[in-house]
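Chains, contacts and geometry: an overview
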Amino acid sequence: MRFDTPAADRITAATLFALGAAMTWGGFVMDRLEIRQIHPASIPGLVPMILGAAMMLCATLLALSTRGLSAPDGTPDEGGAQGNWHDFGFAAAWSCIFALLLVGTLPFAAAAAIYVMVFSGWYAWQAEDGQGRNAKRLILIAIYAVAVGVGVAALFRYGFLVRLP
């Protein structure tokens, strides 16, 4: 099986742009809270509108980047289809484990830190680098994961005023 990266990038960009447009429109038409004398900037659809616009921007940038992946000699990189499916399977399974088992069982900051640590560690591990280098890499990833977990939990709790499980 061969992945056609430029075509896949275009299809992904179109899909993400459509999803971002739907998020932006859905946030725009969401009910306002002026009836309750709440400031107009605190509309419930503000975050989905911002995220949708950011997604449309990223999709546009992806569509405009026509380079694709290529080997140093300029030939398209087929990337080892088996490895790609293996990594995709891991990402899908680990995301389901996070959503179904970790969130709600552990405090959100701890669940998010564990998720980021395992996810990043999976893709950062390089067998050819040796144990010493991988150990240093995993320590940095652990520090980053704790910062991300605490930061995301704090942002939702204090910035968005959302109670997390």
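Above this note sits the structure.
A short tour of the structure in this document, coming up. (Residues numbered from 1 in each chain as written. Predicted model: local features only at pLDDT ≥ 70, side-chain atom pairs only at ≥ 80, totals over all residues. Heavy atoms only, no water.)

A few points about the overall build of the protein
On a plain count of helices and strands, the protein comes out with 5 helices and 0 strands. In the protein, the succession of α and β elements from N to C terminus is α-α-α-α-α. Scored against the burial criterion, the 165 residues of the protein give a buried share of 18%. For the protein, long-range pairs separated by at least 24 residues make up 60% of all intrachain contacts whose partners lie at least 6 apart in sequence. (Helix = DSSP H or I, 4+ residues; strand = E, 2+ residues; numbered from the N terminus. Buried < 20%, exposed > 50% of the residue type's maximum accessible area, 1.4 Å probe, protein only. Contact = heavy atoms within 4.5 Å.)

Things to note about helix α4 (residues 108–124)
Here α4 contains 17 residues, and its C-alpha end-to-end distance of 24 Å stays within 8% of the 24 Å for a straight helix at 1.5 Å per residue. Among all positions in α4, only Phe108, Ala111, Ala112, Ala113, Val116, Gly121 and Ala124 are buried. (Expected span 1.5 Å × (residues − 1).)

Topic: the nonpolar core
Formed by Phe90, Trp94, Phe98, Leu102, Phe108, Ala111, Ala112 and Ala153, the largest nonpolar core amounts to 8 residues. Once you skip the residues sitting within four places of it in the chain, leucine 102 turns out to touch Trp94, Ile97, Ala111 and Ile114. (Core = buried A, V, L, I, M, F, W, Y, C linked by side-chain atoms within 4.5 Å.)

Considerations on the packing of α4 against helix α5 (residues 131–159)
Contact geometry for α4 and α5: axes closest at 8 Å, N-to-C directions at 145°. Viewed along their axes, α4 and α5 form a crossing whose handedness is right-handed. Class assignment of the residues belonging to the contact of α4 with α5 gives a composition of 17 nonpolar, 4 polar and 1 charged. (Axes fitted to C-alpha atoms, helices over the stretch in contact; angles between N-to-C directions. Left-handed = near helix turned anticlockwise from the far one by under 90°. Nonpolar A, V, L, I, M, F, W, Y, C, P; charged D, E, K, R; others polar.)

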